[in-house]
Amino acid sequence: MENCLFCKIAAGEIPCNKAYEDDAVLAFHDIAPQAPVHVLIIPKKHVGDVTALVPDDAALWFHMAEVANKLAKELKVDEKGFRIVTNVGADGGQSVNHLHLHLLGGRSMKWPPG
Ligand code: AMP
């Protein structure tokens, strides 16, 4: 989608610190990390947020979770635990309108979240 930051990153038009890539999904380190491990997992195709997923995206959505779990292991936060977050809309704290999972780890997370 035109003028979508994460579409541009997925297309390689804007650089990122890549953590994982395949045909459907890209993962990269967040530019403003909120935890020692803070990786974003995005679908390469444009999906605005989790509410825009359709049944045909079931495998893609599962794959994003699979990639997050694999990265949690690789980045060694799987044993102590981690958090996966997806923000939706203004009150949800979404600043980039392209679906992404935040994988956060390496410190103790608070609840309720801010
Ligand atoms: P959200 O606020 O949930 O939409 O998350 C968007 C995330 O994208 C934020 O954590 C930003 O720090 C991160 N971000 C924005 N621009 C970039 C970029 N160019 N490279 C990596 N992460 C970015």
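Residues numbered from 1 in each chain as written. Predicted model: local features only at pLDDT ≥ 70, side-chain atom pairs only at ≥ 80, totals over all residues. Heavy atoms only, no water.

Comments concerning the nonpolar core
- In terms of nonpolar packing, the biggest core is built from 17 residues, with Ala27, Ile41, Val67 and Leu71 touching the most fellow members.
- Every element with two or more residues in this core is listed here: β2 (25–29), β3 (37–43), α2 (58–74) and β5 (101–105).
- If you tally residues by element for this core, the top one is α2, at 6 residues.
- Excluding its chain neighbours within four sequence positions, the residues that come into contact with Ala27 are Lys18, Ala19, Tyr20, Val39, Leu40, Ile41, Val67 and Leu71.
- Within the second largest apolar cluster, 10 residues are counted, among which are Phe6, Ala10, Ile42 and Val96. (Core = buried A, V, L, I, M, F, W, Y, C linked by side-chain atoms within 4.5 Å. Buried < 20%, exposed > 50% of the residue type's maximum accessible area, 1.4 Å probe, protein only. Helix = DSSP H or I, 4+ residues; strand = E, 2+ residues; numbered from the N terminus. Contact = heavy atoms within 4.5 Å.)

Observations regarding the environment of Leu75
- Along the polypeptide, Leu75 turns up in the loop between α2 and β4 (82–85).
- The spacing of Leu75 and Ala19 is 56 residues in sequence and 9.6 Å in space, taken between C-alpha atoms.
- Contact partners of Leu75, with chain neighbours within four places excluded, come to His29, Val37 and Val39.

Notes on the environment of Ile41
- As for its placement among the helices and strands, Ile41 is situated in strand β3.
- According to the relative accessible area criterion, Ile41 is buried, its value standing at 0%.
- The spacing of Ile41 and Trp111 is 70 residues in sequence and 22 Å in space, taken between C-alpha atoms.

Observations regarding the site of the ligand
- Around the ligand sit 17 residues in total, of which Asp30, Asn87, Ser95, His100 and His102 are the nearest.
- Taking Asn87, its side chain carries an N or O atom lying 2.7 Å from an oxygen atom of the ligand.
- Within the side chain of His100, an N or O atom sits 2.9 Å from an oxygen atom of the ligand.
- Out of a free accessible area of 510 Å², the ligand has 83% covered by protein chains.
- Because more than half of its atoms lie within 2 Å of the grid, the ligand is assigned to the largest pocket.
- Counting only elements with at least two residues in the shell around the ligand, the list comes to α1 (5–10), β2 and β3. (Near = heavy atom within 4 Å. Polar contact = N/O pair within 3.5 Å; in protein donor to acceptor, adjacent residues only side chain to side chain. Areas by Shrake-Rupley, 256 points an atom, 1.4 Å probe, with all protein chains shown as cover. 1 Å grid on protein atoms, 1.4 Å probe; cavity = no way out; pocket = protein on both sides within 12 Å on 5 of 7 lines; lining within 4 Å. Sits in = over half its atoms within 2 Å of the grid points.)

Quick word on unusual backbone geometry
- Residue Trp111 is joined to Pro112 through a cis peptide bond whose omega torsion reads 5°.
- Here Pro112 is to be found in the segment after β5.
- A positive phi is found at Asn3, a non-glycine position, where the angle reads about 60°.
- Within the fold, Asn3 resides in the segment before α1.
- Although it is not a glycine, Lys76 sits at a positive phi angle of roughly 60°.
- Its location among the elements puts Lys76 in the loop between α2 and β4.

Points about the layout of surface pockets
- In this model, the largest pocket occupies a volume close to 640 Å³.
- Lining the largest pocket are 30 residues, with Asp30, Gln34, His38, His102 and Leu104 positioned closest to its centre.
- At the level of secondary structure, the elements contributing two or more residues to the lining of the largest pocket comprise α1, β2, β3, β4 and β5.
- Its residues assigned to classes, the lining of the largest pocket comprises 16 nonpolar, 10 polar and 4 charged. (Points joined across faces, edges and corners; volume = space filled by probe spheres on them. Nonpolar A, V, L, I, M, F, W, Y, C, P; charged D, E, K, R; others polar.)

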